Amino acid sequence: VCAPSNSALDEIVLRILKSGLMDKDGAMYTPSLVRIGVNAHHSVRPVFLDTLVEARLGSDTVCAPSNSALDEIVLRILKSGLMDKDGAMYTPSLVRIGVNAHHSVRPVFLDTLVEARLGSDTC
C-alpha cells in the first residue's frame, strides 16, 4: 500500500488491522502486514518493520559507523561465514537494512529482497 504521507499510511494500516479486507468471495480476512518507513504511529508499532526485526533478532544485529563499513562486515560474513560456540563455521541469514548499500551486498539488501518478493510493481 502506498500513501501520500506517513499519517495516511498509518491510518490505512490501522483500518486494515481493525476491520480486515474482503477477499474475492466476500469473506473477511486480516492479511499479514509489515509497515515500512519512518515515524510510524504507536498504533501500528506492532507491525512496524523496526519492531518486528527487534523482536526477531534481539541483540543479533550489527551496527557500523558508516554504510561502507557495514557493507564490508556483511560482505566478509557472506564470504567467510561465522564461527559458532563449538568452532564450526556457518553462514547466517542476513538482511542489510539502511541506505546506499554497495552493489556487492545488494542480494541481501532489504529493498532487493522486498522487490523480489513483491515484484517490481511497487510504489
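Here's what I pulled together on the structure shown here. Every value quoted in this text rests on a predicted model; they were computed, and no experiment measured them.

Re the overall build of the chain
Inference 1: Per the secondary structure count, the chain includes four helices and four strands.
Inference 2: Each helix (α) and strand (β) of the chain, taken in turn from the N terminus, gives the series α-β-β-α-α-β-β-α.
Inference 3: Taking 14 Å as the expected radius of gyration for a compact globule of 123 residues, we find that the chain reaches 18 Å, considerably beyond that expectation.
Inference 4: Across its three principal axes, the chain shows a C-alpha extent of roughly 55 × 30 × 30 Å.
Inference 5: In the chain, which comprises 123 residues, the share counted as buried stands at 21%.
Inference 6: For the chain, the share of sequence-separated contacts (at least 6 apart) that also reach a separation of at least 24 residues comes to 34%.
Inference 7: Total accessible area computed for the chain in this model is approximately 9100 Å², and 55% of it derives from carbon and sulfur atoms.

Concerning a nonpolar patch on the surface
Inference 1: On the surface, a cluster of nonpolar side chains totalling about 240 Å² of accessible area is made up of Val34, Ile36 and Leu52.
Inference 2: Looking at where leucine 52 falls in the secondary structure, it is placed in helix α2 (residues 49-57).

Looking at the pattern of salt bridges
Inference 1: A full pass over the atoms with the stated rule returns four salt bridges.
Inference 2: Residue arginine 15 is joined to glutamate 11 by a salt bridge in which the shortest nitrogen-to-oxygen separation is 2.7 Å. With arginine 15 and glutamate 11 both in helix α1 (residues 6-19) and four residues apart, this pair spans about one turn of that helix.
Inference 3: Residue arginine 15 is classed as exposed on the basis of its relative accessible area, which comes to 56%.
Inference 4: Note that aspartate 71 is salt-bridged to arginine 96, the shortest N-O span being 2.7 Å. Highlighted residues: aspartate 71 in helix α3 (residues 67-80) and arginine 96 in the loop between β4 (89-90) and α4 (110-118), separated in sequence by 25 residues. The same class applies to aspartate 71 and to arginine 96, which are both buried.

Considerations on the side chain of arginine 96
Inference 1: Overall, arginine 96 belongs to the buried group, its relative accessible area being 1%.
Inference 2: If near-sequence neighbours (up to four positions away) are discounted, arginine 96 is found in contact with Asn67, Leu70, Asp71, Ala101, Val105, Val108, Phe109 and Leu110.

Thresholds applied
- Residues numbered from 1 in each chain as written.
- Predicted model: local features only at pLDDT ≥ 70, side-chain atom pairs only at ≥ 80, totals over all residues.
- Heavy atoms only, no water.
- Helix = DSSP H or I, 4+ residues; strand = E, 2+ residues; numbered from the N terminus.
- Rg over C-alpha atoms; globule rule 2.2 N^0.38 Å.
- Buried < 20%, exposed > 50% of the residue type's maximum accessible area, 1.4 Å probe, protein only.
- Contact = heavy atoms within 4.5 Å.
- Areas by Shrake-Rupley, 256 points an atom, 1.4 Å probe, with all protein chains shown as cover.
- Patch = residues over 30% accessible without salt bridge, like charges linked within 9 Å, V, L, I, M, F, W, Y side chains within 5 Å.
- Salt bridge = Lys/Arg side-chain N within 4 Å of Asp/Glu carboxyl O.

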